[in-house]
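A closer look at the structure
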Amino acid sequence: MPSTDLLVSNVVVHPLVLLSVVDHFNRMGKIGNQKRVVGVLLGAWRSKGVLDVSNSFAVPFDEDDNDKSVWFLDHDYLENMYGMFKKVNAREKIVEIGRASCRERV
């Protein structure tokens, strides 16, 4: 696919995705001293230039104690979760693996 076909002019994020990210971040902050979470955004191209982000899931990870820029993701978990989501909705693809963080918790 030529790179011009991958230009994103609009991203539609479903409310379930936003709720899931915020909920996971809040839960991880309460049970541990984690200030970051990592997750996968799933979605599909709805029309030319419109990316539809319709689902998400969290991915367990650890940080290197000496270098906080080094992360260890659980790749088996990621592959298994994506496989299960793909069985439910084969149209959804991984559109982003990202993180959410907070500099200071109140």
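Remember, predicted model here, so these are calculated numbers, not experimental data.

1. Considering the overall build of the chain
- When you go through the chain residue by residue, the secondary structure sums to two helices and six strands.
- Going residue by residue from the N terminus, the α and β elements of the chain occur as β-α-β-β-β-β-α-β.
- Across the 106 residues of the chain, 26% fall into the buried class.
- Carbon and sulfur atoms make up 55% of the accessible area of the chain, which amounts to about 7700 Å² in all.

2. With respect to the nonpolar core
- Grouped together as the largest cluster of nonpolar side chains are 10 residues: V38, V40, L42, F57, V59, F61, L78, M81, Y82 and F85.
- Counting only elements with at least two residues in this core, the list comes to β2 (36-47), β3 (50-59) and α2 (75-88).
- With four residues, the single largest contributor to this core is α2.
- Contact partners of Y82, with chain neighbours within four places excluded, come to L42, F57, E92, K93 and I94.

3. Quick word on the sheet that holds β3
- Spatially, four strands are ordered β1-β3-β2-β6 in an open sheet, and the strand pairing comes out mixed. Unpaired on one side and paired on the other, β1 (10-13) and β6 (93-101) mark the two borders of the sheet. On average, adjacent strands in this sheet sit at an angle of 35° to one another, irrespective of strand direction.
- Contacting β1, β2, β3 and β6, helix α1 (residues 15-31) runs over the sheet at an angle of about 25° to β3.
- Where α2 meets the sheet, it contacts β2, β3 and β6, and its direction lies at approximately 130° from that of β3.

4. Structural notes on the environment of S47
- Counting through the fold element by element, S47 comes out in strand β2.
- Taking relative accessible area as the criterion, S47 reaches 41% and is therefore assigned partly exposed.
- Spatially, the C-alpha atoms of S47 and N10 are 9.9 Å apart, while their sequence positions differ by 37 residues.

5. As for the pattern of salt bridges
- Taken as a whole and assessed by the stated rule, the structure comprises one salt bridge.
- Here D23 makes a salt bridge to R27, at a shortest N to O gap of 3.0 Å. A residue pair is termed a helical-turn pair when its members lie 3 or 4 positions apart in one helix, as D23 and R27 do in helix α1 at four residues.
- Here D23 falls in the partly exposed class, since its relative accessible area comes to 37%.
- Relative accessible area serves as the criterion here: at 44%, R27 is assigned to the partly exposed category.

6. Comments concerning the layout of surface pockets
- The volume enclosed by the largest pocket comes to roughly 230 Å³.
- Lining the largest pocket are 18 residues, and of these V21, G39, V40, L41 and G98 lie nearest its centre.
- Each residue belonging to the lining of the largest pocket can be placed in one class, and the counts come to 11 nonpolar, five polar and two charged.

7. Section: a nonpolar patch on the surface
- Residues V8, V11, V13, L18 and W45 make up a contiguous nonpolar surface patch of about 430 Å² in total accessible area.
- Within the secondary structure, V8 is located in the segment before β1.
- The exposure class assigned to V8 is partly exposed, which follows from its relative accessible area of 42%.

Calculation notes
- Counting of residues starts from 1 at the beginning of each chain's written sequence and follows it residue by residue.
- The predicted origin of the model limits local features to residues at a pLDDT of at least 70 and limits the giving and counting of side-chain atom pairs to 80 or more, whereas totals for whole chains, interfaces and linings rest on all residues.
- To obtain the side-chain values, all non-hydrogen atoms of the structure were used and water was disregarded.
- Put simply, DSSP H or I for four residues or longer makes a helix, DSSP E for two residues or longer makes a strand, and each gets a number counted from the N terminus.
- Throughout this description, buried means an accessible area under 20% of the type-specific maximum (1.4 Å probe, protein chains only), exposed means over 50%, and partly exposed covers the range between.
- Surface accessibility in these figures is a Shrake-Rupley result with a 1.4 Å probe; residues are shielded only by whichever protein chains are displayed.
- To form a nonpolar core, buried Ala, Val, Leu, Ile, Met, Phe, Trp, Tyr and Cys residues must be joined to one another through side-chain atoms within 4.5 Å.
- Only heavy atoms enter the contact rule, under which two residues are in contact if any of them lie within 4.5 Å.
- DSSP-based pairing: two strands are paired if at least 2 bridges between them are found.
- Only the stretch in contact is used when fitting a helix axis, every axis being a line fitted to C-alpha atoms; angles between N-to-C directions are given from 0 to 180 degrees.
- Basic side-chain nitrogens of Lys or Arg form a salt bridge, by our definition, when they fall within 4 Å of a carboxyl oxygen of Asp or Glu.
- Buriedness for pockets is judged along seven lines, at least five of which must meet protein on both sides within 12 Å for an open set on the 1 Å grid over protein atoms alone, while cavities are sets there where a 1.4 Å probe fits but cannot get out, and lining residues have an atom within 4 Å of a point.
- Grid points are joined across faces, edges and corners, and a volume is the space filled by probe spheres set on the points.
- Classification convention: Asp, Glu, Lys, Arg as charged; Ala, Val, Leu, Ile, Met, Phe, Trp, Tyr, Cys, Pro as nonpolar; all other residues, Gly among them, as polar.
- What makes a patch is a set of residues exposed beyond 30% relative accessible area and free of salt bridges, joined within 9 Å when like-charged and within 5 Å when nonpolar (Val, Leu, Ile, Met, Phe, Trp, Tyr).

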